[in-house]
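# Report on the structure
Residues per chain, in single letters:
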Amino acid sequence: MQLHFDNAFRRALPGDPETANYTRPVSAALWSEVQPTPVPSPRLLALSPAVASAIGITAEDTASARFAEVFAGNALLDGMQPIASNYGGHQFGHWAGQLGDGRAISLGEVIGADGRRHELQLKGAGPTPYSRRADGRAVLRSSLREFICSEAMHALGVPTTRALSLIATGDAVVRDILYAGDPKPEPGAIVCRVAPSFLRFGHFELPASRGEYALLRQLWDFMCVRDFPEYEGAADRDAQVFRAICERTGLLLAHWMRVGFVHGVMNTDNLSVLGLTLDYGPYGWLEDFDPAWTPNITDAEGRRYAFGRQPQIAHWNLSCLAGALSSLFADQEPLRDGLRAYAETFNRAHAEFNAGKLGLLAPRDADTALAQRLYALMHAAQLDFTLTFRALMGLDAAAPSVDPLRAASYAAAAFEAQRPALAAWLTDYAQRLDSDAAPAARRERMAAVNPLYVPRNWLAQQAIDAAEQGDLAPLQRLQTVLERPYDEQPDAEAYAQKRPDWARHRAGCSMLSCSS
């Protein structure tokens, strides 16, 4: 297995002169050298062949014992120079100071067979100088969730980091899953995640907070050259790059709202400057539509990162990034312009996606109100987010009926209470469709933006339960189904169902934490 590494981040930016691996503040440096901690019995559990191929890893490579050794952190390939990066962040609205890669170790940056840059990062490979009081490890349950969701989001067309591999470590990791004072040993695992860059808003916030303005400028210039080369040479390069970050974030958030994804912990250290979905922790997928829902028990009281607040929080996070970058701009107007561009991009994309979800080929301003009426009714009738839009695909505009929506409701009484209002909405919707496009064209557009299969938490939990018992078949089947989320697949009905009653209050299904 031979890969071509170009470790630009490590080569171009100042590192920590201390090489011993112990927890400490790290100043005037953007990374620390650190070696992964070996594990006793690495075993490959899951693989993304598409990611492997893009990197330049063959099927013969992935079938070898050496592959598991390398991507569990037990061995290094030529050119790998492991580091943990240094960043800060606002967590739940409060400045948290230095955070850094506490259990993520970047092996290096590969120029892949596809000609693109792929940073390879092991999550759960042991402690780093940024681990604070933690052990740097990860458990199978959280690692499997990250692997599955990373690849599912890519198939859904949502910008995201990817996942190459999921490897069992053969050791036990102690975690208190819901912070309930009941820690237990769980199987350990490591996921290798892949992205062109893992730079976060927090990478810029930390040096700015410390007054390390020369370092801030050095990092910004590096990022512009490596990650935004299309703007190099422009007189207003910095303004254009910040605007691009804002626009990419706006499009990302519109995609999240389109598919019903809730990130769960939108701290500034968990947002990517490339507009990628980053850090799959206590995420969730809308079951019954509720804009106030969050899967993260840490956020259960304030609901700062609830589904419906995500666009607002992304704007707040971008404002924090703008504040961190303010010393780089003599005129602050480009930063304000970027923030406006975020709102414009999100609003435009969100409206376009809503029109697509309803199958409207020629959107009108009034369609926004039509969509908002539906969302309000979905909440009141406790309708499943994903299944409602798939049911609407089969609507007969000549004789609209409420009955097909009944199966998408989680509460019969709530549904019946809303039946008249749903019928009125369907009548208005049918009239709108009658003036727009042929039924076949409508259904085609709806099928392109409304997935049938999403990685619902309870589906992932079933795969976790089986994998912990040594049965990988459910994980493999789930991975296969999620590769084609918009297409009806034979014998896959079980993956397109409402949340079952057993999952309503089970940890890992409706309640999660950052514990992993």
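On a predicted model such as this, the values are computed, not experimentally measured, just so you know.

Rules behind the numbers
- Each chain has its residues counted from 1, following the order in which its sequence is written.
- Totals for whole chains, interfaces and linings use every residue, but because this is a predicted model, local features are given only for residues with pLDDT of at least 70 and side-chain atom pairs only at 80 or more, for both listing and counting.
- In computing side-chain values, all of the structure's heavy atoms are included and hydrogens and water are not.
- Should a side-chain nitrogen of Lys or Arg be within 4 Å of a carboxyl oxygen of Asp or Glu, the pair is scored as a salt bridge.
- Secondary structure elements follow DSSP: runs of H or I of four or more residues count as helices, runs of E of two or more count as strands, with numbering from the N terminus.
- Remark: exposure states derive from per-residue accessible area (1.4 Å probe, protein chains only) relative to the maximum for the residue type, with buried under 20%, exposed over 50%, and partly exposed in between.
- Residue contacts follow a heavy-atom distance rule, with two residues in contact if any of their heavy atoms lie within 4.5 Å.
- What qualifies as a polar contact is a pair of N or O atoms within 3.5 Å, subject to a donor-acceptor requirement within protein and to the restriction that residues adjacent in sequence count only when both atoms come from side chains.
- Put simply, a nonpolar core is a bunch of buried Ala, Val, Leu, Ile, Met, Phe, Trp, Tyr and Cys residues held in one set by side-chain atoms that sit within 4.5 Å of each other.
- For two strands to be treated as a pair, DSSP must find at least two bridges joining them.
- Fitted lines through C-alpha atoms serve as axes, helices being fitted only where they are in contact, and the angles separating the N-to-C directions of these axes extend from 0 to 180 degrees.
- An angle below 35 degrees is treated as roughly parallel, one above 145 as roughly antiparallel, one from 65 to 115 as roughly perpendicular, and anything else as oblique.
- Should the near helix be turned anticlockwise from the far one by less than a right angle, the crossing is left-handed, and should it be turned clockwise, the crossing is right-handed.
- Gly is put with the polar residues, along with every residue not named as nonpolar or charged; the nonpolar set is Ala, Val, Leu, Ile, Met, Phe, Trp, Tyr, Cys and Pro, and the charged set is Asp, Glu, Lys and Arg.
- We define the bend at any residue as the angle between the axes fitted to the seven residues before and including it, ending there, and the seven starting there.
- Two cysteine sulfur atoms make up a disulfide if the distance between them is within 2.5 Å.

## A look at the pattern of salt bridges
Between side chains of opposite charge, a pair can form as their charged atoms come close. Summed over the entire model, instances satisfying the criterion amount to 35 salt bridges. One salt bridge in this structure joins R141 and E186, with 2.8 Å as the shortest N-O distance. On the criterion of sequence distance, the pair formed by R141 in helix α5 (residues 140-156) and E186 in strand β9 (residues 184-195) is long-range, its members being 45 residues apart. Across this residue pair, the class does not change: R141 and E186 are buried. E333 is the partner of R336 in a salt bridge, and the nearest nitrogen-oxygen pair spans 3.0 Å. Taken together, the residues R336 and E333, both in helix α10 (residues 333-357) and 3 residues apart, mark about one turn of the helix. The class for E333 is partly exposed, based on a relative accessible area of 31%.

## A closer look at helix α12 (residues 385-392)
Of all 8 residues that make up α12, 7 are buried, and the element is covered over most of its length. Among all positions in α12, only F385, T386, L387, T388, F389, R390 and L392 are buried. Contacts from the buried residues of α12 go to α8 (237-259), α10, α11 (367-381), α13 (403-406), α14 (412-434) and α15 (439-449). A side-chain oxygen of the first residue of α12 lies 3.1 Å from the backbone nitrogen of T386; this N-cap is D384.

## Regarding the nonpolar core
As a rule of thumb, soluble globular proteins bury nonpolar side chains together. If you look at the biggest cluster of nonpolar residues, it comprises 96 residues, and the most contacted ones within it are W220, M223, I245, L358, L392 and Y429. At 11 residues, α8 tops the list of elements feeding residues into this core. In this structure I245 touches F201, W220, M223, F228, V273, L318 and L321, once residues within four positions along its chain are discounted.

## Some thoughts on the pairing of strand β8 (residues 162-175)
The buried fraction of β8 is high, at 10 of 14 residues. Of the strand pairs in this sheet, strand β2 (residues 43-47) and β8 are connected by 4 bridges, and their pairing is antiparallel. Looking across to β8, one finds that A46 is bridged to L166. Where β8 and β9 come together, 10 bridges link them in antiparallel fashion. In the sheet register, R175 faces β9, and the bridge partner there is K184.

## Some thoughts on the side chain of D279
Mapping D279 onto the fold places it in the loop between β10 (261-262) and β11 (284-285). In this structure the side chain of D279 is engaged in a polar contact, spanning 2.7 Å, whose partner is the side chain of R193. With near-sequence residues (within four places) excluded, D279 lies in contact with K123, R193, R200, H263, D269 and N270.

## Some points on the packing of α8 against α10
Relative orientation of the contacting elements α8 and α10 amounts to 30°, with a least axis distance of 7 Å. The orientation of α8 with respect to α10, classified from their angle, is roughly parallel. In terms of crossing hand, the pair formed by α8 and α10 is right-handed. Across the contact of α8 with α10, the residue classes break down as 15 nonpolar, 6 polar and 6 charged.

## Some remarks on the environment of C192
Take C192: it is sitting in strand β9. Each C-alpha atom of the pair C192 and G124 lies 9.1 Å from the other, and the pair is 68 residues apart in sequence. Sequence-distant contacts of C192, that is, excluding residues within four places in its chain, are made with F71, L120, Q121, L122, R162, A163, L164 and S165.

## What to know about α14
Of all bends in α14, the biggest is about 55°, found at R419, and the proline P420 comes one to four residues later. Each element contacted by the buried residues of α14 is listed here: α11, α12, α13 and α15.

## Some words on unusual backbone geometry
Its identity as a non-glycine residue notwithstanding, A28 has a phi of 55°, on the positive side. Counting through the fold element by element, A28 comes out in the loop between α1 (8-12) and β1 (31-33). Within the chain, F92 stands out as a residue other than glycine whose phi angle is a positive 55°. Within the element layout of this structure, F92 appears in the loop between β4 (88-91) and β5 (94-98).

## As for the state of the cysteines
Scanning the model with the defined rule gives 0 disulfides in all. Here C192 is not disulfide-linked; the sulfur of C149 is the nearest cysteine sulfur, at 17 Å. Classification of C192 by relative accessible area gives buried; the value is 0%. The thiol of C224 is unpaired, and the distance to the nearest cysteine sulfur, on C246, comes to 13 Å.

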